[in-house]
Amino acid sequence: MKLIKQGAEAIISVDGNYVIKERISKSYRIKDIDDRLRLYRTRSEAKILGKCKTLVNVPKIIDVDEKNMKIKMEFINGRLLRDFLNDLNEKERKEIFIQIGKEITLLHDNNIIHQDLTTSNMIFLNNKIYFIDFGLSFISDRVEDKAVDLHLLRQALNAKHYLYAEECFEYVLEGYRKSKDYSKVIERFNKVEGRGRYK
């Protein structure tokens, strides 16, 4: 197996055509609490990925090992959007980010909050965007949660791709217009942005 990422919560490895995500133990937590928390997050991520598979492009789950807190998934052998976004022309950026907006709509209209929408968690393959890393995701019908999801995406774009951030986010909103809650979410999004601005 080849280690490709070691984060605060999990180790990600590639084994042939599969990705293995293993939630690591935290020594500073009480073991019983740590075990329950890791199990909950492993089950939750697997459940949400299962729900997503009929909505948007995500890795297919192969196996869930609750004993070892591991999820085995299909390996999406594409390119992370973060690695080539700045090399795209305006037409390409428009097409990709309108599509991202449409797919976020599908998630939100089914009450799936990703909570880590960054270009590091989007893979481009065969002209399709695949969403990955649902480790922080949860189910919610709250307008506030959907607005915060968009706010975090805007922050991520500003941090990594500041030259094109505003343009790309406008294309996201263009795609998001199909959301059944568009007006309510955008109204709350503007309030969330205001809170962040005046902290």
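Please read these numbers as outputs of a predicted model, since none were measured by experiment.

A.B. asks: Please set out the nonpolar core residue by residue, giving values where relevant.
C.D. replies: One finds Leu81, Phe97, Ile100, Ile104, Phe131 and Leu150 to be the most contacted residues of the largest nonpolar core, which totals 44 residues. For this core, the element with the most residues is helix H4 (residues 165-176), which contributes seven residues. Non-local contacts of phenylalanine 97, meaning those with residues more than four positions away in its chain, are made with Leu81, Leu85, Thr119, Leu157, Cys168, Tyr171 and Val172. Of all hydrophobic cores here, the second largest spans five residues; its members include Ile76, Leu80, Tyr130 and Ile132.

A.B. asks: So what's going on with helix H2 (residues 90-109)? Which residues, and what values?
C.D. replies: Look at H2: 28 Å from first C-alpha to last across 20 residues, which is about the 28 Å you get at 1.5 Å a residue. All of the buried residues along H2 are Arg93, Ile96, Phe97, Ile98, Ile100, Gly101, Glu103, Ile104, Thr105, Leu107, His108 and Asp109. The inward-facing, buried residues of H2 contact helix H1 (31-52), strand S7 (112-113), strand S8 (122-125), strand S9 (128-131), helix H3 (143-160) and H4. The backbone nitrogen of lysine 91 has a side-chain oxygen 3.1 Å away, supplied by the residue at the start of H2, namely asparagine 89.

A.B. asks: Any chance you could break down the layout of surface pockets for me, citing the residues and the numbers?
C.D. replies: Over the atoms, a rolled probe matching the size of one water molecule traces out where space is still vacant. Here the largest pocket is characterised by a volume of approximately 550 Å³. Elements with a minimum of two residues in the lining of the largest pocket: strand S1 (2-6), strand S2 (10-15), strand S3 (18-23), strand S5 (70-74) and strand S6 (79-80). Sort the elements by how many residues they give to the lining of the largest pocket and S1 lands first, with three residues. In terms of residue class, the lining of the largest pocket is made up of eleven nonpolar, four polar and nine charged. Glu9, Ala10, Lys21, Asp133 and Gly135 are the residues nearest the centre of the second largest pocket, which is lined by 14 residues in total. Elements supplying a minimum of two residues to the lining of the second largest pocket: S2 and S3. A breakdown of the residues in the lining of the second largest pocket according to their chemical character gives four nonpolar, three polar and seven charged.

Rules and cut-offs
- Residues numbered from 1 in each chain as written.
- Predicted model: local features only at pLDDT ≥ 70, side-chain atom pairs only at ≥ 80, totals over all residues.
- Heavy atoms only, no water.
- Core = buried A, V, L, I, M, F, W, Y, C linked by side-chain atoms within 4.5 Å.
- Buried < 20%, exposed > 50% of the residue type's maximum accessible area, 1.4 Å probe, protein only.
- Helix = DSSP H or I, 4+ residues; strand = E, 2+ residues; numbered from the N terminus.
- Contact = heavy atoms within 4.5 Å.
- Expected span 1.5 Å × (residues − 1).
- Polar contact = N/O pair within 3.5 Å; in protein donor to acceptor, adjacent residues only side chain to side chain.
- 1 Å grid on protein atoms, 1.4 Å probe; cavity = no way out; pocket = protein on both sides within 12 Å on 5 of 7 lines; lining within 4 Å.
- Points joined across faces, edges and corners; volume = space filled by probe spheres on them.
- Nonpolar A, V, L, I, M, F, W, Y, C, P; charged D, E, K, R; others polar.

Read these as spatial facts, not as claims about activity.
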